[in-house]
Amino acid sequence: MLFESQLHDLKAHLPWIRLRQEKQAIRALVEQRRRIYPEEQAKADSEAIIAQLEKMQCFRDAQTVMLYYPIHNEVDLRGLMKRYEGQKTFLLPVTHRKGIEARKYEGELMMKRGHLNVPEPQTSEWKGKIDLILVPGVVFDPLCNRIGRGGGYYDKFLHSQHHAIKIGVAYDFQVKKHEIPHSHHDKPLDRIITPTQTIGL
């Protein structure tokens, strides 16, 4: 009976194991390409994405914007914080074992490397409304699905942010033409912006 129970549990988990393996295979390939993406091209692409964001009404209207501190050659949106300092409130994620919390960015002097060795604000948790969340990721698809770094932190956080507009940002090669593996736990985004296109509403 014990063996049959263990076999049943294994069969139940096989789809999840397969899904995780598929995600990991895609993540590894795109992550590798992103890390060797030329620095000058990455900088130009980041500026192109910022320019697209600035034209969007949702960004213009947003009073509180959450973005992220780029690592491993991710799209760099920090120019927004410099350009709109004093006009908008900017938040950055702080990752801990229970998930993500948003904290107000108050300058580089208030930053310290945190749980995942990513610079994080040393301010208190933001309890107010968030209008717009700019979301990092490794792989995206035309249906605005996203594969992240693998920790599941962002999906849990995004599920809790019912009123915020959620926009993924990526280099063009990070968006696949076909639907990527995902489950009901994964939170689709409202839009995806690349240097050359906007996907979604």
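Everything here concerns the structure above.
Presented here is an overview of the structure given in this document. For clarity, every value in this text was computed on a predicted model and none was experimentally measured.

### Here we look at the packing of aromatic side chains
Next, step 1: For the structure on display, the rule yields four aromatic pairs.
Next, step 2: Pairing F59 with Y84 gives two aromatic rings, centres 5.1 Å apart and planes at 80 degrees, and the pair type is edge-to-face. Of the two residues, F59 is situated in helix α3 (residues 57-61) and Y84 in the loop between α4 (78-83) and β2 (89-96); the sequence distance between them amounts to 25 residues. Both residues of the pair, F59 and Y84, belong to the buried class.
Next, step 3: Ring centres of Y171 and F173 lie 5.7 Å apart, and the angle between their planes is 20 degrees; on these two criteria the pair is classed as stacked.

### Description of the pattern of salt bridges
Next, step 1: Under the criterion given, the structure shown has 11 salt bridges.
Next, step 2: A salt bridge links D76 to R78, with the nearest nitrogen and oxygen atoms 2.8 Å apart.
Next, step 3: You can call D76 partly exposed: its relative accessible area is 24%.
Next, step 4: E101 is paired through a salt bridge with R103; the nearest N and O atoms lie 2.7 Å apart.

### Here we look at the side chain of R34
Next, step 1: Residue placement: R34 occurs in helix α1 (residues 2-35).
Next, step 2: Among the polar contacts made by the side chain of R34, one reaches the main-chain carbonyl oxygen of G137 at a distance of 3.5 Å.
Next, step 3: Once residues lying within four places of it in the same chain are set aside, the contact partners of R34 are I71, H72, N73, E74, G137, V138, Y171, F173 and Q174.

Each value, and the rule that gives it
Residues numbered from 1 in each chain as written. Predicted model: local features only at pLDDT ≥ 70, side-chain atom pairs only at ≥ 80, totals over all residues. Heavy atoms only, no water. Phe/Tyr/Trp six-rings, centres within 6.5 Å; stacked < 30°, edge-to-face > 60°. Helix = DSSP H or I, 4+ residues; strand = E, 2+ residues; numbered from the N terminus. Buried < 20%, exposed > 50% of the residue type's maximum accessible area, 1.4 Å probe, protein only. Salt bridge = Lys/Arg side-chain N within 4 Å of Asp/Glu carboxyl O. Polar contact = N/O pair within 3.5 Å; in protein donor to acceptor, adjacent residues only side chain to side chain. Contact = heavy atoms within 4.5 Å.

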